[in-house]
Amino acid sequence: MNNLCHENGCFGNEPWWKEATFYQVYPASFKDSNGDGWGDIPGLISQIDYLHDLGVNVVWLSPVFESPQADMGYDVSDYQEIYAPYGTVEDVDALIEACHVRGMKLILDLVVNHTSIEHQWFKESRSSKTNAKRDWYIWKPARYNAEGKRIPPTNWRGYFAGSTWSWDEHTQEYYLHLYAPEQPDLNWESEACREAIYEDTMRFWLVRGVDGFRIDTVNKYSKRTEYIDAQITNPDSPCQPAPEMWCNGPRIHEFIHEMRRKTLEPYGAISVGELSNTPHPSQVLPYVSAAARELDMVFEFSMIRLGTGGMFGPKYVYVPFALPQLKGIVAKWQTFIEGTDGWTTVFCENHDNGRAVSRFGDCSTPELWKESAKTLALWQATLTGTLFLYQGQEIGMTNMPGSWGIEEYKDVESLNFYAEAVDSRDPKRIADTMQGLRILARDHSRIPFQWDSSPNAGFTEEGVRTWMRVHDDFREINAAKQMADPDSILSFYTKVLQLRKQYKDMFVFGSFRLLEAEDEAVFAYTKESQFAVSDGQWQINSSTAENRAKRKRMALVVLNFSKENRNCLDVNSILGYDFGGSAKLLITAQIKMSYAAAVASGPKQTPEEAAAPQPPEVISSESASTASLVDVDTPSVRTVPSDFMEQDVQTETQAARQELEDEAERARAEANLAKKKGAGKARKADNILTKWFGELSDGASTALVVSNLTAVIGLSTYLGYKAWGLYEHGRLGWKNIGVGAGILAGVGLIEAVFGGYLQKGKKKQS
């Protein structure tokens, strides 16, 4: 809906937020500036350059408003004041300025389905049945059962366990709360209430320069007004799941359209809504259709809820899932906007779920943890939609240690579900709930950010008692350590975010096609641009007619979810190319070193030119020719010797790695096609590349990149992924690079993009 568009080079005028990277900050746990053990806004400001350097475009700040903190700020008592431990309104002003001066934006978390019981509106509403604000909340009289016992108006079960109704002794009625009793629901049927929401909670901040809102529980404003009992699905409980009574209600689109028209649109504000219990694309599209003029985008939770026992009942009794189930959900929500005017989001972490690397990865060893986190990074960065990251995701922060007891869990939802299990007196249910909490609990994402290896992980001063316990592994997993390591998860995220922007026509806007849907080990898909690869010269992000050609730009992503070696898909067949011959190409880099070797369409050289002795030249990826083979991890140029392709690459032991490293280092030779004195002339090529180029047909336009996500990215040529892999007739074998238990372990990415450079190089050479 935001009319503040810009020329993005690919698609003409598109809203800037579509290709933006958003980053959620959970303020209590991000950075403490004053030593009280609680994160704050000045602490966030002190680290704003960290986010900027990562490649973040928009900061999403979770609730910081005045609150009793019954639900960590999602129970607001004053929308125009800031909870004192976080700072002041002036601190928010300073944060807005800090973001804007760096070309970044700031959105706040808008919580207007409910307030705190301490909000002045509710205090007035509960003061008497005749108060002017009585109908700003939802009040109902009691019912009485056959024994004459008072019971709630309906049998609905809330999100935090227990009834959705609480009794108010003063006015002798029940009030509705879908969440905790301290969070009474606002009545959006009241026009006066809606107008107060728009003025006091939204315009107040938009006038101050906030760029938009993440809108909490956005599809729960319109309830079914008959207030009848839900169907009994759990005979053992007096309260029954009833999301159909409050999700996507009869007036919901009317309310959201009004919100946009009256508050969001006049300020060009971004809107992203939390859309729960809406599993069908036909239900979601009306919220995000540009023509409907409601929300810019929404979060749909089918994928991130995998493993839960449902939103109600035994939510924290873990339910294992198979890879095809994950793939099917991803495919469903990647493709639902195709052919429409809607938009989607990409995310695998937030403040309401366990850490992705612990849920979808393998943290049993440092090596598998690192590979898992990097694999998740590339998976997310290659999906269509607006990308959202959660704090700590970029350094691979993990769930709390399994040895921690329930006393370390602080979240109201975790404690309520655990208490309910204890009340059942069923040992199995108690044990299963605790095990589920160790995997899924919201607490995992809320422990303090791990900045460095100093006491309290650099989150706060030494000796300060933090509001949640700092992870035991903070000395091994922290931002400072990773900033100094070019092979770290953090470094990889920085580069993969740049890759996503560089090839946004495929990765942000491209069409998604799932391959081998029922394969239980490999997750593979293609991303196809609406633009084509030309047999002649073309320019990245150019949309001129002469650059549109027969074959569309395409990427193939292959992810190995198992510990076993898996055959790669038939690359040639999928991309529609036939390389012919018996060409072998080794695409590899040792984990501890910085080798990059990949095929790029570049100028063909004679054997004499290829054999000419020339010393290696130090270059940077930024200054490299688009026909260069560049090591982007370090400024030095390295390559793999020509006979290296015949080796059986072993990764089982460190000794094998060291032997490979030593051999490659001794055999280092120049094999890049780099600029020389700005003339762009091709230099000596490695024998592998010479042979490869010699066997390529003139019309070939495919670059092959393979990764197990111990990789880096070539910023200028998109050729820098490091991997253990042998490409031969479309088959790729990974050596012992599985990450079990349903993990993403290996990635292959093939891009049909460099054909123009091959032709251009040949013309220059001639």
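Residues numbered from 1 in each chain as written. Predicted model: local features only at pLDDT ≥ 70, side-chain atom pairs only at ≥ 80, totals over all residues. Heavy atoms only, no water.

## Brief notes about the pairing of strand β14 (residues 270-275)
One face of the sheet, then the other: side chains in a regular strand alternate in exactly this way.
Stage number 1. The buried fraction of β14 amounts to six of the six residues, a majority that puts the element mostly inside the structure.
Stage number 2. Here β14 shows a buried face lined by Ile-270, Val-272 and Glu-274 and a second buried face lined by Ser-271, Gly-273 and Leu-275.
Stage number 3. Where strand β13 (residues 212-215) lies against β14, four bridges are found, and the strand directions are parallel. In the strand pairing of β14, Ile-215 is matched with Gly-273.
Stage number 4. Handedness of the β-α-β unit built from β13, helix α7 (residues 252-264) and β14 comes out right-handed.
Stage number 5. Where β14 lies against strand β15 (residues 297-300), four bridges are found, and the strand directions are parallel. Residue pairing for β15: Glu-274 is matched across the bridge by Phe-299.
Stage number 6. For the handedness criterion, the β-α-β arrangement of β14, helix α8 (residues 281-288) and β15 is classed as right-handed. (Buried < 20%, exposed > 50% of the residue type's maximum accessible area, 1.4 Å probe, protein only. Helix = DSSP H or I, 4+ residues; strand = E, 2+ residues; numbered from the N terminus. Pairing = 2+ DSSP bridges. Right-handed = clockwise from strand over helix to strand, strands pointing away.)

## Quick look at the sheet that holds strand β16 (residues 345-346)
Stage number 1. In spatial order, the strands read β15-β14-β13-β7-β4-β3-β17-β16; together these eight strands make up an open sheet with parallel pairing. The open sheet terminates on both sides in strands that have one partner only, identified here as β15 and β16.
Stage number 2. Across the face of the sheet, α8 comes into contact with β14 and β15 while running at roughly 150° to β15. (Contact = heavy atoms within 4.5 Å. Axes fitted to C-alpha atoms, helices over the stretch in contact; angles between N-to-C directions.)

## Observations concerning the sheet that holds strand β12 (residues 173-176)
Stage number 1. What the three strands build is an open sheet, ordered β8-β12-β11; its pairing is antiparallel. The outermost strands of the open sheet, each flanked by one partner alone, are β8 (139-140) and β11 (165-168).
Stage number 2. The pairing of β8 with β12 spans two bridges and is classified as antiparallel. Across the sheet, Lys-140 pairs through a bridge with Tyr-174, a residue of β12.

## Digging into the packing of aromatic side chains
Stage number 1. Summed over the entire model, instances satisfying the criterion amount to 45 aromatic pairs.
Stage number 2. Each residue in the set Trp-156, Tyr-159, Phe-160, Trp-165, Tyr-179, Tyr-227 and Trp-246 is aromatic and connected to the rest through ring pairs, giving one cluster.
Stage number 3. Positioned above the aromatic ring of Trp-139 is the side chain of Arg-134, whose terminal nitrogen or guanidinium carbon lies 3.7 Å from the ring centre.
Stage number 4. Over the aromatic face of Phe-301 sits the side chain of Arg-305, whose NZ or CZ is 4.9 Å from the ring centroid. (Phe/Tyr/Trp six-rings, centres within 6.5 Å; stacked < 30°, edge-to-face > 60°. Lys NZ or Arg CZ within 6 Å of the ring centre and 35° of its normal.)

## A word on the pattern of salt bridges
Stage number 1. Counted under the stated rule, the structure contains 39 salt bridges.
Stage number 2. The partner of Arg-251 in a salt bridge is Glu-189, with the nearest N and O atoms 2.7 Å apart. Residue Arg-251 is located in the loop between β13 and α7, and its partner Glu-189 is located in the loop between β12 and α6 (191-207); the two are separated by 62 residues in the primary sequence.
Stage number 3. The exposure class of Glu-189 is partly exposed, given its relative accessible area of 30%.
Stage number 4. The salt bridge partner of Asp-352 is Arg-442, with a shortest N-O separation of 3.0 Å. Here Arg-442 lies in the loop between α13 (427-440) and α14 (479-483) and Asp-352 lies in the loop between β16 and α10 (356-359), a separation of 90 residues in the sequence. (Salt bridge = Lys/Arg side-chain N within 4 Å of Asp/Glu carboxyl O.)

## Section: the nonpolar core
In summary, soluble globular proteins display a tendency toward joint burial of nonpolar side chains.
Stage number 1. Ranked by internal contacts, the top residues of the largest apolar core, which has 150 residues, are Tyr-23, Leu-51 and Trp-379.
Stage number 2. Among all residues touching Leu-51, those that are not within four sequence positions of it are Tyr-23, Val-25, Phe-30, Leu-44, Val-56, Val-59 and Met-104.
Stage number 3. Among the nonpolar cores identified, the runner-up in size contains 19 residues, and Tyr-227, Ala-230, Ala-242 and Phe-312 belong to it. (Core = buried A, V, L, I, M, F, W, Y, C linked by side-chain atoms within 4.5 Å.)

## Quick notes on the side chain of Asn-187
Stage number 1. In this fold, Asn-187 is placed in the loop between β12 and α6.
Stage number 2. In this view, Asn-187 contacts Asp-135, Trp-136, Tyr-137, Ile-138 and Cys-193; residues no more than four positions away in its chain are not counted.

## Section: helix α11 (residues 366-381)
Stage number 1. For α11, which comprises 16 residues, the first-to-last C-alpha distance of 23 Å matches the rise-based estimate of 22 Å (1.5 Å per residue) to within 8%.
Stage number 2. Most of α11 sits inside the fold, with 13 of its 16 residues counted as buried. (Expected span 1.5 Å × (residues − 1).)

## Quick look at the confidence of the model for the chain
Stage number 1. Per-residue pLDDT for the chain averages 77, and the proportion of residues at 70 or more is 71%.
Stage number 2. When the criterion is pLDDT under 50, residues 1-10 qualifies, and its contacts beyond four places in sequence or with other chains add up to 40 contacts.
Stage number 3. The model gives residues 579-661 a pLDDT under 50, and that stretch makes 223 contacts with residues more than four places away or in other chains. (pLDDT = per-residue confidence, 0-100.)

## Structural notes on the environment of Tyr-503
Stage number 1. For Tyr-503, the position within the fold is in the loop between α15 (489-502) and α16 (504-507).
Stage number 2. The spatial distance from the C-alpha of Tyr-503 to the C-alpha of Ser-529 is 9.2 Å, given a sequence separation of 26 residues.
Stage number 3. A polar atom in the side chain of Tyr-503 sits 3.4 Å from the side chain of Gln-502. (Polar contact = N/O pair within 3.5 Å; in protein donor to acceptor, adjacent residues only side chain to side chain.)

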